[in-house]
Amino acid sequence: MNKLYKYLLQMLVCVVLAVGLVSCAKKPKHVVLPLTPSMIQHMYAEKVVSLGMSIQHVGQEITIVVPSDNVFSLGTLNYLQGAHDYLKFALDYMRTYDIIQMNVSSYVDNRLPNKVALALTQGQAQRVSQFLWQRFSQLRLITAKGYGLLYPVASNNTLDGRSQNRRIEIHFRYLVNE
């Protein structure tokens, strides 16, 4: 988080200096305040949500719910084209926290046999956790678990419900920096 914050702060200073050099003779009409870590987190959170993911924040724990239809070809372990870019937005948001533990869980709808669903979701959770681990050097602990047909969040009787049940949940706990 500190690297990202410092980088954004340096960029902001460069912009302020560049604008100041161009308009030295003019009095500033407004003051530019530096971005706080919570402002940066909010900016990333808005982008993540705009892409169809959801964020649940309770205390020092956050869950990002990622529709697996946007990451994997239906019923496979094959990444969709652009899936890494899609996951990178969630990763950028996570980098704004000092994460101490992360769990990646995967779920499917009820259209597969139980054994196939368990194997598929375990593989999907492992692939996403590997993606995160390789790109997030400060991550201390990450686990992956496929739950198959368990824990549906919507009815499997409708297309929309089945789509909501096909999901990846990235759950993490973080330290509060004071």
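As the structure is a prediction and not an experimental result, all values here were calculated from the model.

Asks: Go over the sheet that holds strand β3 (residues 98-107) with me, naming the residues and quoting the values.
Replies: Ordered in space as β1-β2-β5-β3-β4, the five strands form an open sheet in which the pairing is mixed. Two strands in the sheet have a free side with no partner beyond their single neighbour: β1 (54-58) and β4 (142-146). When strand polarity is set aside, the average angle formed by the axes of neighbouring strands in this sheet is 15°. Docked against the sheet, helix α3 (residues 83-94) engages β1, β2 (61-67), β3 and β5 (167-175), running at close to 170° with respect to β2.

Asks: Please provide a residue-by-residue account of α3, values included.
Replies: Here α3 contains twelve residues, and its C-alpha end-to-end distance of 17 Å stays within 8% of the 16 Å for a straight helix at 1.5 Å per residue. Residues of α3 that are buried include every one of A83, Y86, L87, A90, L91, D92, Y93 and M94, and no others.

Asks: Help me get a handle on the nonpolar core, residues and values and all.
Replies: Core analysis: the biggest nonpolar cluster contains 31 residues, and I64, M94, M102, L132 and F172 have the highest contact counts within it. Among the secondary structure elements, those contributing two or more residues to this core are α2 (37-50), β2, α3, β3, α4 (114-135) and β5. Sorting elements by how many residues they give to this core places α3 first, with seven residues. Discounting chain neighbours no more than four positions away, the residues touching I64 are V48, M53, S54, I55, A90, Y93, M94, I168, E169, I170 and F172.

Asks: Which residues make up the pattern of salt bridges, and what values do they have?
Replies: Tallied over the full model, the rule gives five salt bridges. For D92, the salt bridge goes to R95, with nearest N and O atoms at 3.4 Å. A relative accessible area of 14% places D92 in the buried class. Within this structure, D69, D109 and R166 form a network of salt bridges that share partners.

Asks: Now, about α4: what can you tell me, with residues and values included?
Replies: Taking 1.5 Å per residue, 22 residues should reach 32 Å; α4 reaches 32 Å between its end C-alpha atoms and fits that length. Listed in full, the buried residues belonging to α4 are A117, L120, T121, G123, Q124, A125, V128, S129, F131 and L132. The elements touched by buried residues of α4 are α3, β3, β4 and β5.

Here is what the cut-offs are and how they apply
Residues numbered from 1 in each chain as written. Predicted model: local features only at pLDDT ≥ 70, side-chain atom pairs only at ≥ 80, totals over all residues. Heavy atoms only, no water. Pairing = 2+ DSSP bridges. Helix = DSSP H or I, 4+ residues; strand = E, 2+ residues; numbered from the N terminus. Axes fitted to C-alpha atoms, helices over the stretch in contact; angles between N-to-C directions. Contact = heavy atoms within 4.5 Å. Expected span 1.5 Å × (residues − 1). Buried < 20%, exposed > 50% of the residue type's maximum accessible area, 1.4 Å probe, protein only. Core = buried A, V, L, I, M, F, W, Y, C linked by side-chain atoms within 4.5 Å. Salt bridge = Lys/Arg side-chain N within 4 Å of Asp/Glu carboxyl O.

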